[in-house]
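# A look at the structure
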Amino acid sequence: MEECISVFDMLKIGVGPSSSHTLGPWRAAERFLEELKNKEYTSNIVQVKVDLYGSLSLTGKGHATDLAVMLGLSGQDPEYIPIENIDLIIKNIEKNNEILLGNEIAIPFYFLQDIVFNKNFLPFHANGLTFTAFFENQTSYTSTFYSIGGGFVVKEERVNAKKKHQIKCAFPFPIQKASELLEYCKNENKSISKIVYENEKSMRSEEVINSELMRIWHTMLECMYIGCHSEGILPGGLNVRRRAFDIHQNLIGLANYSNPQEWLESIRKTEVKFRQILKWVSCFALAVNEVNAALGRVVTAPTNGSAGVIPAVLMYFLVIENHEADEKHIKQFLMVAGEIGSIFKKGATISAAMGGCQAEIGVSSAMAAGALCELMGGTPDQVLIAAEIAMEHHLGLTCDPIGGLVQVPCIERNTMGAIKAIHAAELALETDAKNAKVPLDKVIDTMWQTAKDMNSKYKETSEGGLAVAVNVSDC
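Our subject in this report is the structure included herewith. (Residues numbered from 1 in each chain as written. Predicted model: local features only at pLDDT ≥ 70, side-chain atom pairs only at ≥ 80, totals over all residues. Heavy atoms only, no water.)

### Details of the side chain of Thr349
Relative to the elements of secondary structure, Thr349 occurs in the loop between helix 15 (327-347) and helix 16 (352-355). A distance of 3.0 Å separates the side chain of Thr349 from the backbone nitrogen of Ser351, its partner in a polar contact. Setting aside residues no more than four positions away along its own chain, Thr349 makes contact with Ile148, Phe344, Met354, Gly355, Ala359, Val363, Met447 and Trp448. (Helix = DSSP H or I, 4+ residues; strand = E, 2+ residues; numbered from the N terminus. Polar contact = N/O pair within 3.5 Å; in protein donor to acceptor, adjacent residues only side chain to side chain. Contact = heavy atoms within 4.5 Å.)

This is how it looks when you write it as structure tokens:
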């Protein structure tokens, strides 16, 4: 049995534009620094070199992988770094040809030479990167990491060690498959969110669980707020215009508010016509992923590229479906979403470099669909049916970002994933579990098989699909 995967592993706060290509390499750099400190190697380092492989190399520039590595080596934390400091830190490194390693030791660093983009793939995973530290005595230390999606970072030897020495999950309700989760719900007569809550309580206090879930939500809410109030062109060279600002202005009119929470309440008071529901949901999703594309702070849910789906669907519930909803509903939604995401991670992948966009937008849509279904009164059976329906209609979705940027078609795909999630939840609520034909575990297995069969050109390499059909210079 694998290690426990917490809700807080699936919903992580970080910086855009990509969890696997930005947040993962950033965390890998932090771990490399920790290895150096543990071995007491930091005092006589004269150079650090970083080799990026596979998808990290092919789309690394567009995903800001090189910037993430430099920020990680500089000792910055993606969860807490002031976003406005990022540009200044990078410019200082490039201007001075020097990096403040771990925010403590200044060493020469020529980013055009010391970060190497290697197009070949390492055998273990499509997202590999190797750090090498060189010392005064002409020796060196090398460490390789793999960014496996959603900000998760592993070393191959650790994964192999787990296979040899199986680590049992300490949760009272260890879950590998959806069928196991459903069995717990029936035996304990509990909802999915209550089963998840019991698991989380085995790791941390109820106070911490509740405060951290709300911190995640407030980060999502602030992200939507910023996106709806920011206009202009996204960075990266595609000249993609932000659209959430205009859509938001057309929808909300002259409403008055001064902060994200007041904004949410203002939308709740707005009379929403049927046709506007689609626009509001799309606006929320666009807002998040425009912030993500601009290296803003988002919540990986389960990845950065799919970060807009879950907050958009939760906002739909709060401002359209149930105006009386409160913190209890928000925490319930996030726990169900996180658990569904963890089942996909255990049974398949949440990495577009391994599975295409079905692994990102598809999984996020399934997470949101299941969570919404529970809030709307769905049984555990119906929650899993909702997740299955959402993924079923994302199977085979490719990842072909134009210019290697998390912009086209990535941003719009979040709106589609959010709308499908809402529709899937509604369908599930009208479905008798006895009549459901495809269990969630089967669709997860199918997704993984589809991922393995998918041509590598369509797995976040920018070597196929829209990425080659559209001329970047024409954008």
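### Structural notes on the packing of helix 14 (residues 309-321) against helix 19 (residues 410-429)
Axis separation between helix 14 and helix 19 bottoms out at 8 Å; the angle between their running directions is 50 degrees. It follows that helix 14 is oblique to helix 19 by the angle criterion. Handedness of the crossing formed by helix 14 with helix 19: right-handed. Seen from helix 14, the contacting residues are Val309, Ala312, Val313 and Tyr316; seen from helix 19, they are Asn414, Gly417, Ala418, Ala421, Ile422 and Glu426. (Axes fitted to C-alpha atoms, helices over the stretch in contact; angles between N-to-C directions. Parallel < 35°, antiparallel > 145°, perpendicular 65-115°, else oblique. Left-handed = near helix turned anticlockwise from the far one by under 90°.)

### Section: the packing of aromatic side chains
With the rule as written, the count across this model stands at eleven aromatic pairs. Seen in terms of ring centroids, Trp263 and Phe284 are 6.2 Å apart; in terms of plane orientation they differ by 90 degrees. Their pairing is edge-to-face. Of this pair, Trp263 sits in helix 12 (residues 260-268) while Phe284 sits in helix 13 (residues 274-293), and the two are 21 residues apart along the sequence. Across this residue pair, the class does not change: Trp263 and Phe284 are buried. Each member of the aromatic cluster is reached from another via a ring pair, and the members are Phe32, Tyr41, Phe131, Phe135, Tyr141 and Phe145. (Phe/Tyr/Trp six-rings, centres within 6.5 Å; stacked < 30°, edge-to-face > 60°. Buried < 20%, exposed > 50% of the residue type's maximum accessible area, 1.4 Å probe, protein only.)

### Structural notes on helix 17 (residues 361-375)
The first and last C-alpha atoms of helix 17 sit 21 Å apart over 15 residues, in line with the 21 Å expected at 1.5 Å per residue. Counting buried positions along helix 17 gives 15 out of 15 residues, so the element sits mostly inside the fold. (Expected span 1.5 Å × (residues − 1).)

### Some thoughts on the sheet that holds strand 6 (residues 127-135)
Sheet strands pair by backbone hydrogen bonding; their relative direction is either parallel or antiparallel. Pairing in this open sheet of five strands is mixed, and the strands run 5-2-6-7-8 from one edge to the other. In this open sheet, the two edge strands, each paired with only one partner strand, are strand 5 (115-118) and strand 8 (152-154). Averaged over all pairs of adjacent strands, the angle between strand axes in this sheet comes to 25 degrees, irrespective of strand direction. Here strand 2 (residues 45-54) pairs with strand 6 via nine bridges, running antiparallel. Among the inter-strand pairings, Asp51 is bridged to a residue of strand 6, identified as Thr130. Contacts from helix 2 (residues 19-38) reach strand 2, strand 6, strand 7 (140-149) and strand 8, with the element oriented near 150 degrees to strand 7. (Pairing = 2+ DSSP bridges.)

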